[in-house]
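# Results of the structural survey
One letter stands for each residue in the lines below.
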Amino acid sequence: MTDPQIAETLRLARTECLSKGFLEGLDFHVEGFPASLSSEYCELGHADGAYEVRYCDTGERRVLTRTASADEARTAFVDEVGVLAADRGHGSAAARPPEKSWVVGLTDEEAMAEYKRRYGLS
């Protein structure tokens with residue numbers, strides 16, 4: 001990565017995640033920053049002229065968001081990391097009361113369908 005604007009966008013996204021209490025390598029990874037990775041995390045990178053927010057689980061990567069907009073990418077990335085971290089009980093969203101969770105009010109089937117939609121599973 002040689003474009004300073006891309007590098008700065010990635011750096012800012014990483015800094016924002018760290019400031020929210022998300023764990024690098026466990027909850028998230030930003031390309032260009034070395035980290036020991038867990039088997040499940042969200043990733044932010046840049047490829048072929050666009051930012052990509054990816055969900056990574058046991059070696060498989062699924063693109064959740066692909067956009068040329070640095071702001072859209074950073075927002076989508078931090079939101080996805082927040083969901084993953086909150087489910088693990090840490091990060092700024094972990095203190096959120098359960099009634100604000102996206103699964104409240106959904107049946108098990110609806111929650112599973114929403115989970116599959118969010119993470120690109122069929």
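Rules behind the numbers
Residues numbered from 1 in each chain as written. Predicted model: local features only at pLDDT ≥ 70, side-chain atom pairs only at ≥ 80, totals over all residues. Heavy atoms only, no water. Core = buried A, V, L, I, M, F, W, Y, C linked by side-chain atoms within 4.5 Å. Buried < 20%, exposed > 50% of the residue type's maximum accessible area, 1.4 Å probe, protein only. Helix = DSSP H or I, 4+ residues; strand = E, 2+ residues; numbered from the N terminus. Contact = heavy atoms within 4.5 Å. Pairing = 2+ DSSP bridges. Axes fitted to C-alpha atoms, helices over the stretch in contact; angles between N-to-C directions. Salt bridge = Lys/Arg side-chain N within 4 Å of Asp/Glu carboxyl O. Polar contact = N/O pair within 3.5 Å; in protein donor to acceptor, adjacent residues only side chain to side chain.

Note that soluble globular proteins tend to have their nonpolar side chains buried in a common cluster. Residues Cys17, Phe22, Phe28, Leu44, Phe77 and Val81 are the most contacted members of the largest nonpolar core, which totals 22 residues. The set of elements that each furnish at least two residues to this core consists of helix H1 (4–19), strand S1 (28–30), strand S2 (40–47), strand S3 (50–57) and helix H2 (70–87). Sorting elements by how many residues they give to this core places H2 first, with nine residues. In this view, leucine 44 contacts Leu10, Ala13, His29, Val30, Glu31, Glu52, Val53, Arg54, Ala73 and Phe77; residues no more than four positions away in its chain are not counted.

This brings us to the sheet that holds S2. Strand order in the open sheet formed by four strands is S1-S2-S3-S4, with mixed pairing between adjacent strands. Since the sheet does not close on itself, it has two edges, and those belong to S1 and strand S4 (60–67), each with one partner. On average, each strand axis in the sheet is tilted by 25 degrees relative to the strand beside it, whichever way the strands run. Two elements, S3 and S4, share seven bridges in a ladder whose sense is antiparallel. Its bridge partner lying in S4, arginine 54 is registered against valine 63. Along the sheet, H2 contacts S1, S2, S3 and S4; its crossing angle with S2, the most-contacted strand, is approximately 170 degrees. Packed onto the sheet, helix H3 (residues 108–119) meets S2, S3 and S4 and runs at close to 75 degrees relative to S4.

All chains considered together, the criterion is met by 13 salt bridges. Of the charged contacts, one joins arginine 88 and aspartate 27 as a salt bridge, the two residues approaching to 3.0 Å between their closest N and O atoms. Residue arginine 88 is located in the loop between H2 and H3, and its partner aspartate 27 is located in the loop between H1 and S1; the two are separated by 61 residues in the primary sequence. Using a relative accessible area of 29% as the deciding quantity, one classes arginine 88 as partly exposed. Here arginine 54 ties to glutamate 52 by a salt bridge, and the two come within 2.9 Å at their closest N and O atoms. In this pair, the class of arginine 54 matches that of glutamate 52, namely buried. When salt bridges with common partners are traced through the structure, they connect Glu31, Glu43, Glu52, Arg54, Arg61 and Arg66 into a single cluster.

Let us now look at the pairing of S2. Summarising the sheet, S1 and S2 pair through three bridges and their orientation is parallel. Each bridged residue has a counterpart across the sheet, and for phenylalanine 28 the counterpart in S2 is cysteine 42. Summarising the sheet, S2 and S3 pair through eight bridges and their orientation is antiparallel. Bridge pairing links leucine 44 to valine 53 in S3. Taking the residues between adjacent antiparallel strands as the criterion, S2 and S3 are bridged by two residues, where aspartate 48 takes a positive phi near 50 degrees.

The next point concerns the side chain of arginine 54. Relative to the helices and strands, arginine 54 resides in strand S3. In this structure the side chain of arginine 54 is engaged in a polar contact, spanning 2.9 Å, whose partner is the side chain of glutamate 52. Sequence-distant contacts of arginine 54, that is, excluding residues within four places in its chain, are made with Glu31, Tyr41, Cys42, Glu43, Leu44, Gly45, His46, Ala47, Arg61, Arg62, Val63 and Leu64.

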